[in-house]
Amino acid sequence: MTPGQRGGGANHGGAASPGAESPAGGAFTGKPDSTPHSTSTAAGKPDLASPDGCSDIRGAGSQMQPDPVRRFSYDEIVGVVPRGSTVLDLGCGDGELLARLRDERGAHGRGVDIEEDMIRCCIARGISVFQGDLDEGLKDYPSQSYDFVILNKTLQVVHKPVLLLQEMLRVGRRVIVSFPNFAFILNRIQLALMGRMPVTRTLPYEWYNTPNIHLCTRKDFLRLGRRLGFTPREEICLTRGVRIPPIAANLLAEEICYVLDGSGQA
Amino acid sequence: MAPDRTRQDKPPATSPLGIVEPQSFSFGAPGSGLVLDSGKEFGPVTVRYETYGTLDAERSNAILLLHAFSGDAHAAGLHSSTDTHPGWWEPMVGPGRAFDTNKYFVICSNTLGGCHGTTGPSSIDPNTGKPYGMSFPVVTIHDMVKVQVKLLDHLGIDRLLAVAGGSMGGMQALEWATTYSHRVRSAVVLASSARMSAQGIAFNAVGRNAITGDPRWNNGDYYEGEPPARGLAIARMVGHITYLSDESMGMKFGRRLQERDSFEFDMEDQFAVESYLEYKGGTFVDRFDANSYIYISRAIDYFDLADKYGSLDAAFAETTTKFLIVSFTSDWLYPPYHSKEIVYSLMKNGKDVSYTEISSPYGHDAFLLESHRQEGIVDAFLETAFQQAREGQNGARR
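Thresholds, definitions, all that
Along each chain, residues carry numbers from 1 onward, in the same order as the chain's sequence is written. Chain labels run from A onward and ligand labels from 1 onward, assigned in the order the entries are written. Owing to the predicted nature of the model, reporting of local features is limited to residues with pLDDT of at least 70; listing and counting of side-chain atom pairs is limited to 80 or more, with chain, interface and lining totals taken over all residues. Where helices and strands are cited, they refer to DSSP runs of H or I of at least four residues and of E of at least two residues respectively, numbered from the N terminus. Throughout, radius of gyration means the C-alpha value; the globule benchmark is 2.2 Å times the number of residues raised to the power 0.38. By definition, residue pairs are in contact when their C-beta atoms, positioned from the backbone, come within 7 Å. Three exposure classes are used. Buried residues have 20 or more other C-beta atoms within 10 Å of their own C-beta, exposed residues have 12 or fewer, and partly exposed residues fall in between, all C-beta atoms being placed from the backbone. Joined through C-beta atoms within 7 Å, a set of buried Ala, Val, Leu, Ile, Met, Phe, Trp, Tyr and Cys residues constitutes a nonpolar core. A strand pair is defined by DSSP finding two or more bridges across the two strands. Axis lines are fitted to C-alpha atoms, over the contacting stretch for helices. Their N-to-C directions set the angle, which ranges from 0 to 180 degrees. Angle categories are assigned with fixed cut-offs, so that under 35 degrees is roughly parallel, over 145 is roughly antiparallel, 65 to 115 is roughly perpendicular, and the rest are oblique. By convention, the crossing between two helices is left-handed when the near helix turns anticlockwise from the far helix through less than a right angle, and right-handed when the turn is clockwise. Side-chain classes are defined by residue name, with Ala, Val, Leu, Ile, Met, Phe, Trp, Tyr, Cys and Pro counting as nonpolar, Asp, Glu, Lys and Arg as charged, and the others, Gly among them, as polar. Per-residue confidence from the predictor is reported as pLDDT, which spans 0 to 100. Call a crossover right-handed when, viewed with both strands pointing away from you, the route from the first strand across the helix to the second goes clockwise.

A. View of the overall build of chain B. Across its full length, chain B carries 13 helices and 14 strands. Over its C-alpha trace chain B gives a radius of gyration of 21 Å, about what one expects of a compact globule, namely 21 Å for 398 residues. Each of the three principal axes of chain B carries a C-alpha extent, and together these read 80 × 50 × 45 Å. Looking at chain B alone, contacts between residues at least 24 apart form 71% of all its contacts between residues at least 6 apart.

In C-alpha cells form, the structure reads like this:
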C-alpha cells in the first residue's frame, strides 16, 4: 500500500460489489469473500457477521459484509474436523471459520492471510494469525505439524496451486480444499450459449478484474490428484450452499470440497 | 521536515493524560543488589519510571512499556504545562488509545545504563563520589530486564498483562517472555529481533567509534568538562540513517538543497538530508550521554536469544506468553525476516503467536510513526489477552 492510500481507502470505500477493482499485488487476496473490503479503511459502519468480531475494534472501518457464498462450505468443514484437532487455515480471511472450529469443535487453529485488516479481525476474535503470502509456500512449517490444513476457495487465486497443494499435503495429516467448479452448468450455459465469461454467485467477477487465475473443474482436480498421487477420502458437493449427491457432479456441483490424506512426506 | 522550521519555538503540546510525575525507586547497596550477566554484582540502582492509569484490585491490568535505544520513561503525557513535546509513545498511550489508560495500568521505566534517571555511566558512583564513566559495568538486555523485574516487585505486580516495545524494547519484551514468561501474559514485539544482525552491530560499532574517536571523550571521563558532542552527534547521524529508508529519505528530502535553489559549487552547498542529520545529531547531544550510547549499543549487540538457550526453538520451548509480533516492510535494520524467524520458532513450538507485516515506507522508524496502523491490531490483541486474563481469574476462583 502506498502512503497515499493509507487511511484513505477511497479506492475501495464502500465497494462491496463484485465489480470492484481487485486489489493490486495481492496474491490470494482476491477471493470473492475478501476483495471488496480489502484495504478499505474508509468511513462507514462495519457490518459484521460476528458479535465478537471486528465490530469491536475501534477505528476499523472494514467493509466486511456477510457473504453467504463464503460460508457455503463452513458447515461442511466444521462437520469434517474432529474435536480437539489442530487446524491451519490458509487464506483465513477474518477468522470466522477458525472461530467456529474453536467454539464448536474445540479446535486449536491458526490462520494465514495476506491482508492487514483481516489480521486485525482475526486477532480481535482471539485467533492466532500470520500475515503472509501463500505464494511463498509453507517451507517454514514442519511436516505433519497440523491435523488439518484448510484451503477454502483460495486455490484458484494462488500462483502455484500445485506447489501449494503438495506443501499442504506435507504439512497436514489431512487436507481440506474447496473450490468453485468451473464446469458447473450455469457457467457452461453462459460460456457455451451466451458466449461470455461466466459471472455467477461463486464467480462474481468480470474477466478484467477477477483474481481467479487458476480455475478448474471437478474433473481437472481429480486428474491432478491422480498425477500427484492422491485420491480424495471424501467429496462434498455443494450447490447454492446445499449438499447434493455426487451424481453428475462435474455438471451439477457449484462448489466442491475435498478431504485428502496428507502425503506424510518430509 | 525542514530543520529551520523545527528549530522555531513550538507551542505547548497537549495530552489527554495531562501532566505526569516521574517517579523513582532505588534498591541495592554499593556493590550489591543486582547480579549482572557478566557475573559482577552491582548496586545501588535507581529506576526512573512513570505510570498512567490505575492498577485494578486484582493487579491484573498492568502493562510494561519498553523503550527503544534513545527513549526514556516518559512514554506519554506532559512534564509541564509549557512542555512542547508529549511522551515518545503518546499516540498509543492514553484514554481510548491502544494502551488504554481507562482499562490498563501502564508503566514505563528508563533502562539500566541509560541517562534519563535510571542508573547509568553518568550516575554518581557512591564509592568515588564521581560519575562512573567507563567504570560502569557492562550490561545486557537481560540486565535491563532484571531491573524492571525489581521495579514490578516493588510495585507489587506478580504478573503483567503485557509487555510491549519496539526495537531494543522488543528485545526486552522477548527476554521477558522467555526468561520471565510466568510473569507475562502477553508480549507485543515491534520491529525487533531475537538477535542483532552483523549489519546492526556494524552500525553500532561506527557510532561507538565516532564517540571514542572524539578527543573530548577522554576515555569516558568528560563529565567535568566538555562532552564529546561531535562524536555523539555523528553516532546519532549514522543511527538516523539506519532508522529511515531509501524511500522515506527520497520522499522527505530528495536531492533538495537546504538554503539554496541551485549549486554554487562551494563548501556551503548543503543538501536537505545533510541539514536534517546535522540537526538530529545536534539536538541529540542535549539529551543523551555519550557513554550511555556506548553501553546501550553494546547491550543490543550482545543480545542473542538463540545463543543464550542453544537455539531459538529452545528459547521459546517453555514460554506460556502469548505473542504479537509486528514488522515493517521497509525496515532494513530489523528486517521482517528477523521477526518471521521468531514467529516460525514459536509456531513450531505450538505457541500462541500472531504476526503482521505492516507495509510502510518509513523504515525502522515506522514502529513509532505508523501508530494508527498498529493501534487497531495492538488494541485487539490486548483486549483478547485482558479477557483471557479475566476468564482465567474467574476460572481459578471457581
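B. Main features of the overall build of chain A. Along the backbone of chain A there are eight helices and eight strands. When each of the 266 residues of chain A is scored for burial, the buried share is 51%. Counting contacts in chain A only where the partners sit at least 6 residues apart, residues at least 24 apart contribute 64% of the total.

C. Inspection of the nonpolar core at higher detail. Counting 167 residues, the largest nonpolar core has Ile63(B), Leu65(B) and Val163(B) as the members making the most contacts within it. When sequence neighbours within four positions are dropped, the list of residues in contact with Leu65(B) reads Ala75(B), Trp89(B), Phe99(B), Val106(B), Ile107(B), Cys108(B), Ala164(B) and Gly165(B).

D. Broad picture of the pairing of strand 4 (residues 45-52) of chain B. Residue and element names in this part refer to chain B. Among the eight residues that make up strand 4, seven are buried, leaving the element largely enclosed by the rest of the structure. Sheet topology places strand 1 (residues 23-27) next to strand 4; five bridges connect them, and they run antiparallel. Looking across to strand 4, one finds that Phe25 is bridged to Val47. With four bridges connecting them, strand 4 and strand 8 (residues 105-109) associate as antiparallel partners. Within the sheet, the bridge partner assigned to Tyr52 lies in strand 8 and is Val106.

E. Representation of the environment of Asn209(B) in the model. Residues and elements named next belong to chain B. With respect to the element layout, Asn209 can be found in helix 4 (residues 198-212). By the C-beta count within 10 Å, which is 14 here, Asn209 ends up partly exposed. When the C-alpha atoms of Asn209 and Gly231 are compared, they prove to be 8.0 Å apart, with 22 residues separating the residues in sequence.

F. How the structure looks around the interface of chain B and chain A. Of the residues lining the interface, 20 residues belong to chain B; the matching set on chain A comes to 19 residues. Residue contributions to the side of chain B that touches chain A peak at eight residues, all from helix 13 (residues 371-397) of chain B.

G. How the structure looks around the packing of helix 4 of chain B against helix 5 (residues 229-243) of chain B. Residue and element names in this part refer to chain B. Orientation of helix 4 relative to helix 5, taken along the N-to-C sense of each, is 165 degrees, at an axis distance of 7 Å. Considered as vectors, helix 4 and helix 5 are oriented roughly antiparallel to each other. Handedness of the crossing formed by helix 4 with helix 5: right-handed. Only Gly231, Leu232, Ile234, Ala235, Val238, Gly239 and Thr242 of helix 5 make contact with helix 4, whose side of the interface consists of Phe203, Val206, Gly207, Ala210 and Ile211. By residue class, the composition of the contact of helix 4 with helix 5 is eight nonpolar, four polar and no charged.

H. Up close: the confidence of the model for chain B. All names here are of chain B. Put simply, chain B has an average pLDDT of 95, and 96% of its residues get 70 or more. Scored below 50 in pLDDT, residues 1-7 makes six contacts in the model with residues more than four places away or belonging to other chains. Overall fold confidence for the complex sits at a pTM of 0.88, while the interface term, ipTM, reaches 0.90.

I. Region of interest: the pairing of strand 12 (residues 184-190) of chain B. Residue and element names in this part refer to chain B. Burial analysis of strand 12 places seven of its seven residues in the buried class, the great majority of the element. For the crossover from strand 11 (residues 160-166) across helix 3 (residues 168-179) to strand 12, the handedness is right-handed. Pairing of strand 12 with strand 13 (residues 322-328) involves five bridges; the strand directions are parallel. Note that in strand 13 the partner of Val188 across the bridge is Leu324.

J. Quick look at the environment of Arg188(A). Considering the arrangement of structural elements, one finds Arg188(A) in helix 6 (residues 185-193). When the C-alpha positions of Arg188(A) and Leu251(A) are compared, they lie 8.5 Å apart, and in sequence the two are 63 residues distant.

K. Representation of the packing of helix 5 of chain B against helix 7 (residues 272-287) of chain B in the model. All names here are of chain B. The interhelical angle for the contact between helix 5 and helix 7, taken along N-to-C directions, is 125 degrees, at an axis separation of 8 Å. Relative to helix 7, the element helix 5 is oriented oblique. For the element pair helix 5 and helix 7, the recorded crossing hand is right-handed. Facing helix 5, whose interface residues are Ala229, Leu232, Ala233, Ile234, Arg236, Met237 and His240, helix 7 presents Leu277, Lys280, Gly281, Gly282, Phe284 and Val285. Residue composition of the contact of helix 5 with helix 7, grouped by class: eight nonpolar, three polar and two charged.

L. Fine view of the confidence of the model for chain A. Averaged over chain A, the pLDDT score is 79; the fraction of residues at 70 or greater is 72%. Segment residues 55-66 of chain A is flagged for pLDDT under 50; beyond a separation of four residues in sequence, or across chains, it makes 44 contacts in the model.

M. Region of the structure containing unusual backbone geometry. With an omega of -10 degrees, the peptide bond running from Gly43(B) to Pro44(B) counts as cis. Note that Pro44(B) resides in the loop between strand 3 (41-42) and strand 4. Phi is positive for Gln144(A), which is not a glycine, with a value near 50 degrees. Owing to 16 C-beta atoms within 10 Å, Gln144(A) belongs among the partly exposed residues under this scheme. Even without glycine at this site, Arg240(A) takes up a positive phi of about 50 degrees. Structurally, the position occupied by Arg240(A) is in the loop between strand 6 (234-239) and strand 7 (242-244).

N. Up close: the environment of Gly96(B). Turning to its location among the elements, Gly96(B) is positioned in the loop between strand 6 (93-94) and strand 7 (99-100). Among the residues examined, Gly96(B) registers 11 C-beta atoms within 10 Å and is labelled exposed.

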